[in-house]
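The chain contents come next:
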Amino acid sequence: MIDLHMHSYFSDDGEFQPEELVQKCKEKGIRYMAIADHNCVRAVEKGRKAAQKEGIHFISGIEIDCTFQGVNLHVLGYGIDERDAAFQKIEDNISEQSGEASVKMLEGTRKLGFDVSEKDMEALTETMFWKNRWTGEMFAEVLLNKPEYKEHELLLPYRPGGDRSSNPYVNFYWDYYSQGKPCHVGIKFPSMEEVITQIHESGGKAVLAHPGVNLKDHMELWKEIAVSGIDGVEAFSSYHSPEDAMFFSHEAGKYELFVTCGSDYHGKTKPSICIGQHGSSHPEDEILPQLESIVK
């Protein structure tokens, strides 16, 4: 049982403390786990200590936002040295920009016709680690819980029975706040090449996260990415169809990349996703030998 992609309280859209994620993995029978927070390694030490007590193999991880030829991607770093100063610089850079972007996202949300205030957002983030960083998922949570918008036309697809209701918060993000959408606010991310170099210099391996999502409309870039220096691909993801998983698993073999599997569990942000839910069709004894370089 392997799950190498989950998010803690230290991701701006995560819910649980690292120790709570370890307990959830124990309950699910997960034997190999990694917490890969967005642009942040704060969970690694806490997660490792808790996992050691439970006899779970813990792999240090991070998920870094980056760009390749103008397309926003996520690269996972595994087996990294979380003490490397490069990761603190990544966190500081993204955190500063995210605070400024949040205010612009609020303006964009108002332009959609919603009466949402800074106080609404601050109330939601009061118990969160990043209090001044608001995501598209957070705007969705606030709006979907405002009684005056119960029948609002834009929100109906995200309510029970709607065609975007399986993961309403994250689907609202994809539809309104992701790259190219009306409320999107650009952040200057490092290039994918820079990120791969930083991961390698810290002793880690670089893995392209859930490519079926980020490359959905840009599959022409896949071949270039496959030979760009990445070490692996997250072929098995809760976002991937069986066809996606088969394609990227096959491509990994063709380009001599290893394959990982991760649920991308967040908690309430993605309620239909649970730990261990990645649809891997490969037996554990096939996956683990490929991961030998990061399972230490």
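It should be noted that the structure appears before, not after, this text.
Conventions we followed
- Residues numbered from 1 in each chain as written.
- Predicted model: local features only at pLDDT ≥ 70, side-chain atom pairs only at ≥ 80, totals over all residues.
- Heavy atoms only, no water.
- Pairing = 2+ DSSP bridges.
- Helix = DSSP H or I, 4+ residues; strand = E, 2+ residues; numbered from the N terminus.
- Axes fitted to C-alpha atoms, helices over the stretch in contact; angles between N-to-C directions.
- Salt bridge = Lys/Arg side-chain N within 4 Å of Asp/Glu carboxyl O.
- Buried < 20%, exposed > 50% of the residue type's maximum accessible area, 1.4 Å probe, protein only.
- Contact = heavy atoms within 4.5 Å.
- Left-handed = near helix turned anticlockwise from the far one by under 90°.
- Nonpolar A, V, L, I, M, F, W, Y, C, P; charged D, E, K, R; others polar.
- Phe/Tyr/Trp six-rings, centres within 6.5 Å; stacked < 30°, edge-to-face > 60°.
- Parallel < 35°, antiparallel > 145°, perpendicular 65-115°, else oblique.
- 1 Å grid on protein atoms, 1.4 Å probe; cavity = no way out; pocket = protein on both sides within 12 Å on 5 of 7 lines; lining within 4 Å.
- Points joined across faces, edges and corners; volume = space filled by probe spheres on them.
- Core = buried A, V, L, I, M, F, W, Y, C linked by side-chain atoms within 4.5 Å.

Visitor: Residue-level account of the sheet that holds strand β5 (residues 71-78), with values.
Guide: Taking strand neighbours across the sheet as the criterion, the five strands line up as β4-β5-β6-β7-β8 in an open arrangement whose pairing is mixed. One side of each edge strand has no neighbouring strand; the edge strands of this open sheet are β4 (61-68) and β8 (258-262). Direction aside, the axes of adjacent strands within the sheet are offset by 40 degrees on average. Relative to β8, strand β7 (residues 232-237) is paired through four bridges, and the arrangement is parallel. Paired with Phe 236 across the bridge in β8 is Cys 261.

Visitor: An account of the pattern of salt bridges is requested, with residue identities and associated values reported.
Guide: This model, assessed by the stated rule, comprises twelve salt bridges. The closest approach of N and O atoms between Asp 81 and Arg 83, which form a salt bridge, is 2.9 Å. Since its relative accessible area comes to 26%, Asp 81 is described here as partly exposed. Here the salt bridges share partners, and the residues they tie into one network are Asp 120, Lys 146 and Glu 148.

Visitor: Break down helix α6 (residues 168-176) for me, citing the residues and quoting the values.
Guide: Looking at α6, one finds that the buried residues are Pro 168, Tyr 169, Val 170, Asn 171, Phe 172 and Tyr 176. Residues of α6 that are buried sit in contact with α5 (136-144).

Visitor: I'd like to hear about the packing of helix α1 (residues 18-28) against helix α2 (residues 43-54), residue by residue, with values.
Guide: Look at α1 against α2: their axes get within 8 Å of each other, and the N-to-C directions meet at 35 degrees. Here the hand of the crossing between α1 and α2 comes out right-handed. On α2, the residues touching Pro 18, Glu 19, Val 22, Gln 23 and Lys 26 of α1 are Ala 43, Lys 46, Gly 47, Ala 50, Ala 51 and Glu 54. Each residue belonging to the contact of α1 with α2 can be placed in one class, and the counts come to five nonpolar, two polar and four charged.

Visitor: Could you give me a rundown of the packing of aromatic side chains, with the residues and numbers involved?
Guide: All told, the structure shown has 15 aromatic pairs when counted by the stated rule. An angle of 65 degrees between the planes, with centres 5.8 Å apart, marks the rings of Tyr 9 and Phe 129 as edge-to-face. A residue pair is termed long-range when its members are at least 10 positions apart, and Tyr 9 in the loop between β1 (2-6) and α1 and Phe 129 in the loop between α4 (118-124) and α5 qualify at 120 residues. Under the relative-accessibility criterion, Phe 129 is labelled partly exposed at 28%.

Visitor: Would you mind going over the packing of α5 against α6 in detail, with residue names and values included?
Guide: Between α5 and α6, the least distance of the axes is 8 Å, while the angle of their chain directions is 120 degrees. Classified by the angle their axes make, α5 and α6 are oblique. As for the relative orientation of α5 and α6, their crossing is right-handed in sense. Side by side, α5 and α6 meet where Gly 136, Glu 137, Ala 140, Glu 141, Leu 143 and Leu 144 of the first sit next to Pro 168, Tyr 169, Val 170, Phe 172 and Tyr 173 of the second.

Visitor: I'd like a rundown of the environment of Ser 228, residues and numbers included.
Guide: Looking at the secondary structure, you find Ser 228 in the loop between α9 (222-226) and β7. The spacing of Ser 228 and Lys 131 is 97 residues in sequence and 36 Å in space, taken between C-alpha atoms. In contact with Ser 228, not counting residues within four places along its chain, are Met 192 and Ile 196.

Visitor: Mind laying out empty space enclosed by the protein, listing which residues take part and the relevant values?
Guide: Scanning all chains against the criterion turns up one cavity of 30 Å³ or more. Of the volumes computed, that of the largest cavity is approximately 70 Å³. Around the largest cavity, the lining residues are Asp 12, Asp 13, Gly 14, Glu 15, Met 128, Thr 135, Glu 137, Met 138, Glu 141, Tyr 169, Lys 268 and Thr 269. Per-class residue counts for the lining of the largest cavity are three nonpolar, three polar and six charged.

Visitor: An account of the nonpolar core is needed here, citing residue identities and associated values.
Guide: Of all hydrophobic cores here, the largest spans 93 residues; its most connected members are Met 33, Leu 73, Trp 222 and Ile 225. Once residues lying within four places of it in the same chain are set aside, the contact partners of Met 33 are Asp 3, Leu 4, Met 6, Leu 21, Val 22, Cys 25, Ile 56, His 57, Phe 58 and Ile 59.

Visitor: Break down unusual backbone geometry for me, citing the residues and quoting the values.
Guide: For Gln 69, which is not glycine, the phi dihedral falls at a positive 50 degrees. With respect to the element layout, Gln 69 can be found in the loop between β4 and β5. In this structure Gln 69 comes out as exposed when scored by relative accessible area, which is 51%.

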